[in-house]
Amino acid sequence: MASDEFLPIKGMSDIISPEVSLWQLVESRAREVFHAYGLTEIRTPILEREELFIHSLGNTTDVVQKEMFTLDYQGKMRLTLRPEGTAGVIRSLAGAGPDGRQARVYYLGPMFRAERPQAGRRRQFHQIGAELTGEANPLADAECLAMQAHLLKAWGLSQCRIKINTRGLPEDRAVVADGLRTVLKPHLDGLCEDCRRRYEQNVLRVLDCKNPACGKIVEGLPSMTSFMSEASRSYFEEVQYALRLLNLEGEVTPRLVRGLDYYAHTVWEISHPGLGAQDALSGGGRYQIMMNGKPVDGVGFALGMERVLAALNAEGVHAEDLVLRPKAWLVSLGEAALKENLLLAMTLRRLGVACGMDLTARSMKAQMRAAGKSGAAYVLIRGDAEMEKGVFQVKDMVASKQEEQALPEIMSLLLPDITPPPAGG
Ligand code: AMP
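Residues numbered from 1 in each chain as written. Predicted model: local features only at pLDDT ≥ 70, side-chain atom pairs only at ≥ 80, totals over all residues. Heavy atoms only, no water.

*Asks:* Explain the nonpolar core here, please?
*Replies:* Where a protein is soluble and globular, its nonpolar side chains tend to be buried together. In this structure, F34, W155, L281 and F301 are the most contacted members of the largest nonpolar core, which totals 44 residues. Here this core takes 9 residues from helix α5 (residues 138–154), the largest share from any one element. Excluding residues within four positions of it along the chain, F34 makes contact with L39, Y106, I128, G129, A130, M147, L151 and F301. Listed in part, the 27 residues of the second largest apolar core include L57, V64, I90 and A103. (Core = buried A, V, L, I, M, F, W, Y, C linked by side-chain atoms within 4.5 Å. Buried < 20%, exposed > 50% of the residue type's maximum accessible area, 1.4 Å probe, protein only. Helix = DSSP H or I, 4+ residues; strand = E, 2+ residues; numbered from the N terminus. Contact = heavy atoms within 4.5 Å.)

Structure follows, in structure tokens:
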């Protein structure tokens, strides 16, 4: 790389037009849907103490063990670029006292994971997420999943697949882990190296290992729910009942466990067939996180925005079609017209009409080329002769027609909501 050439770090990128139009659409629709469900936005810092993530996500999770960007700050603190949103949100809500333990919030923004970049896996990616905190209640789990399904529909995604499962009550964690270890023990030699480590540290993750040999062993095991208490099982049945009530189809998938330790009860994953190998669009579920000595219960989800965009592309929605075009483009033939046009452009913009122009009186051909490239609906051309008569040559770029018009007519063209006063009135 030449010394004066700077590129973003691999797995991170600039988001520019036209692509940014799709981001804006996805974000604004998400805000509308969240508003309908009574959620407010929360913005937490991007940098947090490493300890927050170790504590919330769990010491043995892949994210904490392998994927965090952590920096040592002057030997005083270890700071981590947030790898996910829930830990920071719960830190903030718990700090707000009892109100925070009963809250409905959403967030959007960048997350960072030190992974090897590949298709669908980035080091900086973006998530849209929601958290509903409050006592564990099957209806809240169903409402949260229904909100997410609503969001996917509002974006125009129709091919998503929802898989659900349960990890049971937080109190069942140890019993379930012990039960799984017992039934896995005779198969230890057949497991992959990662799973032999997981067997000791995070045995649930053996269930969703992608290695075919592990998958085969897991297929023959009793399901996780068989180790759970009656309370855990009936909670999950109530969630499924509520989902049916809300007309939502979640495919029960006994191997689904999700990667982070804080999950309890319902977990889900949403995939999209247009995404290729990394087909997870989103993960979610109920969790319990200890914060300031007390548990915070909640249910939430996080959607990967890059993958939402890729799924939209796969379903035929493209950024190029969404770019906002100026309504007018001013073409100036000569210095006098250039100055007058600059003043007119400012006036139009204050009235809410998006317009553009060249800031030099270049050749007519060059200015018309710029006008075409901008995608403006109308081009207003004037030179000395038009200035003298107080008119413009107005070109309708869609109809490809040009005619001479005075300013009042042009204003009603550009501001159709403003009706000019009747002549002579
Ligand atoms: P997770 O917190 O790992 O369940 O991630 C939730 C969602 O974020 C996933 O379903 C993906 O859509 C997205 N996601 C997670 N990690 C990455 C990554 N490295 N690059 C792009 N998207 C990601």
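*Asks:* Quick question: what am I supposed to make of the sheet that holds strand β15 (residues 391–396) here?
*Replies:* Strand pairing in a sheet relies on backbone hydrogen bonds. The paired strands run either parallel or antiparallel. Pairing in this open sheet of 5 strands is mixed, and the strands run β13-β12-β14-β15-β16 from one edge to the other. The sheet terminates laterally at β13 (355–357) and β16 (401–406), the two strands that pair on one side only. On average, each strand axis in the sheet is tilted by 25° relative to the strand beside it, whichever way the strands run. Taken together, the 3 bridges between strand β12 (residues 328–332) and β13 define a ladder with parallel strand orientation. (Pairing = 2+ DSSP bridges. Axes fitted to C-alpha atoms, helices over the stretch in contact; angles between N-to-C directions.)

*Asks:* Please clarify how the layout of surface pockets should be interpreted in this entry.
*Replies:* Where empty space is left can be seen by rolling a probe of water-molecule size over the atoms. There is about 240 Å³ of room inside the second largest pocket. Residue lining of the second largest pocket: A149, H150, L152, K153, L157, S158, C160, I162, L248 and E249, and that is the complete set. Take the lining of the second largest pocket: its biggest share by element is 4 residues, from α5. Here the residues of the lining of the second largest pocket are counted per class, giving 6 nonpolar, 2 polar and 2 charged. (1 Å grid on protein atoms, 1.4 Å probe; cavity = no way out; pocket = protein on both sides within 12 Å on 5 of 7 lines; lining within 4 Å. Points joined across faces, edges and corners; volume = space filled by probe spheres on them. Nonpolar A, V, L, I, M, F, W, Y, C, P; charged D, E, K, R; others polar.)

*Asks:* Would you take a moment to explain the pattern of salt bridges for this structure?
*Replies:* Two side chains of opposite charge can pair, provided their charged atoms sit close to one another. Under the definition given, this model contains 17 salt bridges. With its nearest N and O atoms 3.3 Å apart, the salt bridge here joins R181 to D178. On the criterion of helical spacing, the pair formed by R181 and D178 is a turn pair, its members being 3 residues apart in helix α6 (residues 173–184). R181 gets classed as partly exposed once you look at its relative accessible area, which sits at 22%. Residues R258 and E269 are paired through a salt bridge, measuring 2.9 Å at the closest nitrogen-oxygen approach. One end of the pair, R258, is in the loop between β8 (251–252) and β9 (263–271); the other, E269, is in strand β9, and 11 residues separate them in sequence. Members of the salt-bridge network, linked through shared partners, are R31, E41 and R43. (Salt bridge = Lys/Arg side-chain N within 4 Å of Asp/Glu carboxyl O.)

*Asks:* It is not clear to me how empty space enclosed by the protein should be interpreted in this structure. Could you clarify?
*Replies:* Within the structure shown, the criterion is met by 2 cavities of 30 Å³ or more. Roughly 60 Å³ of internal volume is contained in the largest cavity. Lining the largest cavity are T60, T61, D62, R197, R198, Q201, N202, R205 and G259. Sorting elements by how many residues they give to the lining of the largest cavity places helix α7 (residues 193–201) first, with 3 residues. Classifying every residue of the lining of the largest cavity by side-chain character gives no nonpolar, 5 polar and 4 charged. In this model, the second largest cavity occupies a volume close to 40 Å³. In terms of lining residues, the second largest cavity is bounded by R167, G168, R173, V176, L204, Y263 and A264. Mapped onto the lining of the second largest cavity, the elements with two or more residues apiece are α6 and β9.

*Asks:* Please explain the site of the ligand as it appears in this structure.
*Replies:* R113, E115, R122, R258 and L281 are the nearest of the 14 residues found near the ligand. Within the side chain of R258, a nitrogen or oxygen atom sits 2.5 Å from an oxygen atom of the ligand. Here an oxygen atom of the ligand sits 3.1 Å away from a polar atom, N or O, in the main chain of A280. For the ligand, the accessible surface in isolation is 480 Å², of which the surrounding protein chains cover 90%. Mapped by element, the contributors of at least two residues to the shell around the ligand are β6 (124–133), β10 (280–291) and β11 (294–304). Residue contributions to the shell around the ligand peak at 3 residues, all from β10. (Near = heavy atom within 4 Å. Polar contact = N/O pair within 3.5 Å; in protein donor to acceptor, adjacent residues only side chain to side chain. Areas by Shrake-Rupley, 256 points an atom, 1.4 Å probe, with all protein chains shown as cover.)

*Asks:* What is the right way to look at helix α11 (residues 335–350) in this model?
*Replies:* Two residues of an α-helix separated by three or four positions point the same way, owing to the 3.6 residues in each turn. Here α11 is 16 residues long and its end C-alpha atoms lie 23 Å apart, about the 22 Å a rise of 1.5 Å per residue gives. Taken together, the buried positions of α11 are A337, L338, N341, L344, A345 and L348. Buried residues of α11 fall within an arc of 125° about the axis and therefore sit on the same side. Summarising the geometry of α11, the exposed residues directed more than 90 degrees from the buried face are K339, L343 and R350. Contacts from the buried residues of α11 go to β12, β13, β14 (378–382), α13 (384–389), β15 and α14 (407–414). Immediately downstream of α11, the backbone of G352 shows phi near 95°, a positive value. (Expected span 1.5 Å × (residues − 1). Arc of directions from axis to C-beta.)

*Asks:* Just checking my understanding: could you explain the domain arrangement of the protein for this structure?
*Replies:* By a widespread convention, an interface's size corresponds to the accessible area lost as its parts come together. Each assigned domain of the protein is listed here: domain 1 (3–169 + 228–320) and domain 2 (328–414). For domain 1 versus domain 2, the distance between C-alpha centres works out to 47 Å. (Domains from an automatic or database assignment.)

*Asks:* Please clarify how the packing of aromatic side chains should be interpreted in this entry.
*Replies:* Centre distance and the angle of the planes are the two values used to describe a pair of aromatic rings. Tallying each qualifying case throughout the model produces 4 aromatic pairs. Joined through ring pairs, the aromatic side chains of F34, Y106 and F301 make up one cluster. (Phe/Tyr/Trp six-rings, centres within 6.5 Å; stacked < 30°, edge-to-face > 60°.)

*Asks:* Would you take a moment to explain helix α12 (residues 364–374) for this structure?
*Replies:* Those residues of α12 not exposed but buried are A366, Q367, M368, A370, A371 and S374. Where α12 is buried, its residues touch β12, β14 and β15.

*Asks:* Got a minute to help me understand the packing of α5 against helix α9 (residues 230–245) in this structure?
*Replies:* In a pair of packed helices, the angle between the axes and the distance between the axes together describe the arrangement. Interhelical geometry of α5 versus α9 gives an angle of 45° and a closest axis separation of 8 Å. Classified by the angle between their axes, α5 and α9 sit oblique to one another. Seen from above, α5 lies across α9 with right-handed handedness. Contacts between α5 and α9 pair P138, L139, D141, A142 and L145 from the former with Y235, E238, V239, A242 and L243 from the latter. Counted by class, the contact of α5 with α9 contains 8 nonpolar, no polar and 2 charged residues. (Parallel < 35°, antiparallel > 145°, perpendicular 65-115°, else oblique. Left-handed = near helix turned anticlockwise from the far one by under 90°.)

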